[in-house]
Amino acid sequence: MEWNKPALNDTHRVLFIGVGHMGNPMAHCLLKAGVDIAVADVNEAALAPFVGQGVATGTQPDALPGDVVITSLPTDQHVREAILGEHGALRGHAGERRIVIDMSSSAPSETQRLAAELAKQNVAMLDAPVSGGVPRAKTGELTTMVGGDAAVLERYRPLLAHMCKNIRHVGAIGAGDTLKALNNFLSAVSMWASSEALLVGARAGLDPQVMVDIWKTSTGRSHAVEVKIPNAVLPRTFDYGFSVGLMAKDLSIAASLSRELNMPAPMLAATEEHYLFAREALGSSADLTRVMTLLETWAHFELSAIPQ
Ligand code: NAD
């Protein structure tokens, strides 16, 4: 398939859709790098940090320019709406949009379906979900796992490099989404397990700070122990910047995959249940690190705040 490709000396104009926890710092990385961007978000408040910076902003993607459309949206359904919906990026822009790079964590089957529809309009697509959270989004040091045509990735690699330190082609369209969902399975297990371990240890008389310090250099270490717990649980700020609802979504993507493949994955199934429950109990938008407060409620025991 011959894509509507940019000329070698072409400079990209990016339409960035979805500037929440992740999209905001990612779009700012592009801005800092001198990339010409326009920004869309349904929430006016999310657009505010871009106003007065020479950036075209709006709540409707079809009103904004750009040949490269980057999405950082909650789910694949939001991506579909933002691209093909009534005011989606493709409305009235035939020939202008060259590629959609979905940096959300979407379901691989939905990404494949959208990519096939876009191909009919001569628009390429990559799935490039990211890992590293808000801290790495701010420093432009995310990891992205990219699915799609490897040659297309090479064309847009310099653009992604403004936001991502590690860029790896992992397979055909949807492969990035699959890898991302499985990554978050691992991340979800360690967040929940580390919180349980911390609470049991504290109840047994151990100092939570000492436990975390030891685990950081022991075999129990993980991103939860190294980053999420010290930064958002010990000081009781619960502001890591990733919601329990989005984590539950990622686990459902991974668990659906295991079911489609007819493979037993008991830990994955149990982890999905834990987070579906947490989403109900805490509310979808609650910070992921609030899992600790659920455990505390059940234990009738609360950790004291430790400023970091
Ligand atoms: P978020 O909810 O903070 O931001 C999403 C933004 O999209 C919001 O500003 C919302 O108003 C906007 N939006 C929703 N529907 C829209 C539409 N139809 N058109 C335009 N804008 C729309 O979510 P987030 O935490 O930034 O996550 C974005 C994606 O990245 C998700 O898929 C998530 O799973 C993934 N992710 C998040 C993190 C993290 O640490 N927060 C890390 C890695 C990946």
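Residues numbered from 1 in each chain as written. Predicted model: local features only at pLDDT ≥ 70, side-chain atom pairs only at ≥ 80, totals over all residues. Heavy atoms only, no water.

1. Some remarks on the overall build of the chain
Part 1 of the argument: Summing up its helical and strand segments, the chain has twelve helices and nine strands in all.
Part 2 of the argument: Across its three principal directions, the C-alpha atoms of the chain cover 65 × 50 × 35 Å.
Part 3 of the argument: Buried residues in the chain amount to 52% of all 308 residues.
Part 4 of the argument: Put simply, of all contacts in the chain between residues at least 6 apart along the chain, 67% involve residues at least 24 apart.
Part 5 of the argument: As displayed, the chain offers around 14,000 Å² of accessible surface, 55% of which is attributable to carbon and sulfur atoms. (Helix = DSSP H or I, 4+ residues; strand = E, 2+ residues; numbered from the N terminus. Buried < 20%, exposed > 50% of the residue type's maximum accessible area, 1.4 Å probe, protein only. Contact = heavy atoms within 4.5 Å. Areas by Shrake-Rupley, 256 points an atom, 1.4 Å probe, with all protein chains shown as cover.)

2. Topic: the domain arrangement of the chain
When the parts of a complex come together, some accessible area is lost, and that lost area is often taken as the interface size.
Part 1 of the argument: When cut into domains, the chain gives domain 1 (13-173) and domain 2 (178-299).
Part 2 of the argument: For domain 1 and domain 2, the distance between their C-alpha centroids amounts to 27 Å.
Part 3 of the argument: In this complex, domain 1 contributes 16 residues to the contact, which on the side of domain 2 involves eleven residues.
Part 4 of the argument: Taking both sides of the interface into account, the surface hidden between domain 1 and domain 2 amounts to around 1,100 Å²; carbon and sulfur atoms contribute 66%.
Part 5 of the argument: At the boundary of domain 1 with domain 2, the tally comes to zero salt bridges.
Part 6 of the argument: At the junction of domain 1 with domain 2, the criterion picks out three residue pairs in polar contact (both at pLDDT 80 or more).
Part 7 of the argument: Elements with a contribution of two residues or more to the side of domain 1 that touches domain 2: strand 7 (130-131) and helix 5 (133-139). (Domains from an automatic or database assignment. Buried area = accessible area lost by both parts, 1.4 Å probe. Salt bridge = Lys/Arg side-chain N within 4 Å of Asp/Glu carboxyl O. Polar contact = N/O pair within 3.5 Å; in protein donor to acceptor, adjacent residues only side chain to side chain.)

3. Things to note about the pairing of strand 4 (residues 68-71)
Part 1 of the argument: Covered by surrounding structure in strand 4 are V68 and I70 together with V69 and T71, the residues of both alternating faces.
Part 2 of the argument: The sheet contact formed by strand 4 and strand 5 (residues 99-102) spans four bridges and is parallel. Looking at strand 5, one finds that V69 is bridged to V100.
Part 3 of the argument: Taking the sense of rotation as the criterion, the β-α-β connection linking strand 4, helix 3 (residues 76-84) and strand 5 turns out right-handed. (Pairing = 2+ DSSP bridges. Right-handed = clockwise from strand over helix to strand, strands pointing away.)

4. What about the packing of aromatic side chains?
Part 1 of the argument: A complete count under the given rule lists two aromatic pairs for this structure.
Part 2 of the argument: On the basis of an interplanar angle of 75 degrees and a centroid distance of 5.3 Å, the ring pair of W192 and Y275 is categorised as edge-to-face. Of this pair, W192 sits in helix 7 (residues 175-203) while Y275 sits in helix 11 (residues 266-282), placing them 83 residues apart in sequence.
Part 3 of the argument: When its relative accessible area of 0% is taken as the criterion, Y275 is described as buried.
Part 4 of the argument: The interplanar angle of 40 degrees and the centroid separation of 5.7 Å between the aromatic rings of F277 and W298 together place this pair among those described as tilted. Of the two residues, F277 is situated in helix 11 and W298 in helix 12 (residues 291-299); the sequence distance between them amounts to 21 residues.
Part 5 of the argument: For F277, a relative accessible area of 43% translates into the label partly exposed. (Phe/Tyr/Trp six-rings, centres within 6.5 Å; stacked < 30°, edge-to-face > 60°.)

5. Remarks on the packing of helix 7 against helix 11
Part 1 of the argument: Where helix 7 meets helix 11, the axes come as close as 10 Å, and the angle between the chain directions of the two elements is 65 degrees. In terms of axis orientation, helix 7 runs roughly perpendicular to helix 11. As for how helix 7 packs across helix 11, the hand of that crossing is left-handed. Contacts between helix 7 and helix 11 involve F185, A188, V189, M191 and W192 on the former and, on the latter, M267, L268, T271, H274, Y275 and A278. (Axes fitted to C-alpha atoms, helices over the stretch in contact; angles between N-to-C directions. Parallel < 35°, antiparallel > 145°, perpendicular 65-115°, else oblique. Left-handed = near helix turned anticlockwise from the far one by under 90°.)

6. A word on the pattern of salt bridges
Part 1 of the argument: Per the counting criterion, the structure on display carries eleven salt bridges.
Part 2 of the argument: Salt-bridge contacts for R98 lead to D67; the nearest nitrogen and oxygen are separated by 3.5 Å. With a gap of 31 residues between them, R98 in the loop between helix 3 and strand 5 and D67 in the loop between strand 3 (56-58) and strand 4 connect regions that are remote in the sequence. Note on accessibility: R98 and D67 belong to one class, buried.
Part 3 of the argument: Two residues, E296 and R236, come together in a salt bridge whose shortest N-O distance is 2.8 Å. Here E296, found in helix 12, pairs with R236, found in the loop between helix 9 (223-233) and helix 10 (244-260); they are 60 residues apart in sequence, far enough to count as distant.
Part 4 of the argument: Members of the salt-bridge network, linked through shared partners, are R236, E296 and E302.

7. Side note on the site of the ligand
Part 1 of the argument: Neighbouring the ligand are 23 residues, the closest being H21, M22, D41, L73 and G241.
Part 2 of the argument: Measuring from an oxygen atom of the ligand, one finds a backbone N or O atom of P74 at 3.1 Å.
Part 3 of the argument: Considering the ligand on its own, with 830 Å² of exposed area, one finds that the protein chains cover 88% of that surface.
Part 4 of the argument: Split into classes, the residues belonging to the shell around the ligand amount to ten nonpolar, ten polar and three charged.
Part 5 of the argument: Both of domain 1 (13-173) and domain 2 (178-299) provide at least three residues apiece to the shell around the ligand. (Near = heavy atom within 4 Å. Nonpolar A, V, L, I, M, F, W, Y, C, P; charged D, E, K, R; others polar.)

8. A few points about helix 11
Part 1 of the argument: A rise of 1.5 Å per residue sets the reference length of helix 11, with its 17 residues, at 24 Å; its end C-alpha atoms lie 24 Å apart and thus fit the reference within 8%.
Part 2 of the argument: Where helix 11 is concerned, the buried positions are L268, T271, E272, Y275 and A278. Projected down its long axis, helix 11 shows its buried positions confined to an angular sector of 125 degrees, all on one face. Exposed side chains of helix 11 directed beyond 90 degrees from the buried face belong to P266, E273 and E280.
Part 3 of the argument: In the core, the buried residues of helix 11 are packed alongside helix 7, helix 10 and helix 12. (Expected span 1.5 Å × (residues − 1). Arc of directions from axis to C-beta.)

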